[in-house]
Amino acid sequence: MKDRVTICDTCAEPGGSALGADWAMALTKAAQEYGLEVEIVTCSCLNMCQSPVAFALQGAHKATYLFSGADPAQDTQDMLDLVKLYADAPEGWITEAEAAGRLRLCLQGRVPRL
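A few points about the overall build of the protein
Part 1: Assigned secondary structure in the protein consists of two helices and five strands.
Part 2: In the protein, the order of α-helices and β-strands from amino to carboxyl end is β-α-β-β-β-α-β.
Part 3: If one aligns the C-alpha atoms of the protein with their principal axes, the spans along those axes are about 40 × 30 × 25 Å.
Part 4: In the protein, which comprises 114 residues, the share counted as buried stands at 39%.
Part 5: When contacts within the protein are restricted to residue pairs at least 6 apart in sequence, those whose partners lie at least 24 apart make up 65%.
Part 6: Total accessible area on the protein stands at roughly 6200 Å², and carbon and sulfur atoms take up 52% of it.

Let's talk about the nonpolar core
Grouped burial of nonpolar side chains is what soluble globular proteins tend to show.
Part 1: Of all hydrophobic cores here, the largest spans 31 residues; its most connected members are Val5, Ile7, Trp23, Ile40, Phe55, Met79 and Leu82.
Part 2: At the level of elements, strand S1 (3-8), helix H1 (19-34), strand S2 (38-43), strand S3 (55-58), strand S4 (64-67) and helix H2 (76-88) are the ones that each hand at least two residues to this core.
Part 3: With near-sequence residues (within four places) excluded, Val5 lies in contact with Val38, Glu39, Ile40, Val41, Phe55, Ala56, Leu57, Met79 and Val83.

Things to note about the sheet that holds S2
Part 1: Here we have five strands laid out as an open sheet, ordered S2-S1-S3-S4-S5, and mixed in their pairing. Each end of this open sheet is capped by a strand with a single partner; those strands are S2 and strand S5 (107-111). Across this sheet, the average inter-strand angle for adjacent strands is 15°, counted without regard to direction.
Part 2: The pairing of S1 with S2 spans six bridges and is parallel. For Arg4, the partnering residue across the bridge sits in S2 and is Glu39.

Conventions used here
- Sequence order sets the numbering: in each chain, residues are counted from 1 along the sequence as written.
- Where totals are concerned, whole chains, interfaces and linings use all residues; where local detail is concerned, this predicted model gives features only for residues with pLDDT of at least 70, and gives and counts side-chain atom pairs only at 80 or more.
- With hydrogens and water excluded, all non-hydrogen atoms of the structure serve as input to the side-chain values.
- The helix and strand labels rest on DSSP assignments: H or I over at least four residues marks a helix, E over at least two residues marks a strand, and numbering proceeds from the N terminus.
- Each residue is placed in one exposure class: buried if its accessible area under a 1.4 Å probe, protein chains only, is under 20% of its type's maximum, exposed if it is over 50%, and partly exposed if it falls in between.
- By the convention used here, residues are in contact when the closest approach between their heavy atoms is within 4.5 Å.
- Note on areas: these come from Shrake-Rupley sampling with a 1.4 Å probe, and a residue is covered only by the protein chains present in the view.
- Nonpolar cores are built from buried Ala, Val, Leu, Ile, Met, Phe, Trp, Tyr and Cys residues. Side-chain atoms within 4.5 Å join them into one set.
- A pair of strands counts as paired when DSSP detects no fewer than two bridges linking them.
- Interaxial angles span 0 to 180 degrees and are taken between N-to-C directions of axes, which are lines fitted to C-alpha atoms, for helices over the stretch in contact.

Written as structure tokens, this is what we have:
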């Protein structure tokens, strides 16, 4: 199973533009161009509505991370770098997140692997 980024597709701008869904499509293309083996999917509501855009980072036998407050207009490269960090991290445990840029400040929680 590939690592997975799950982006809330109900996260939207005031006025209704689907930020999460649009970002998922853009990230899918960017990840392919960047050479990342990652699945990018959407789901309806990650329950982080107070601080959109929310996303989760998951992998088989890896820790799971939940983020909120991502800004698709400025965080695409940071997302690609975060996914690369996660792919390279043993058991998904990222100990040094500097390369994830601003997204490291958007972390809401980490759940250890089972």
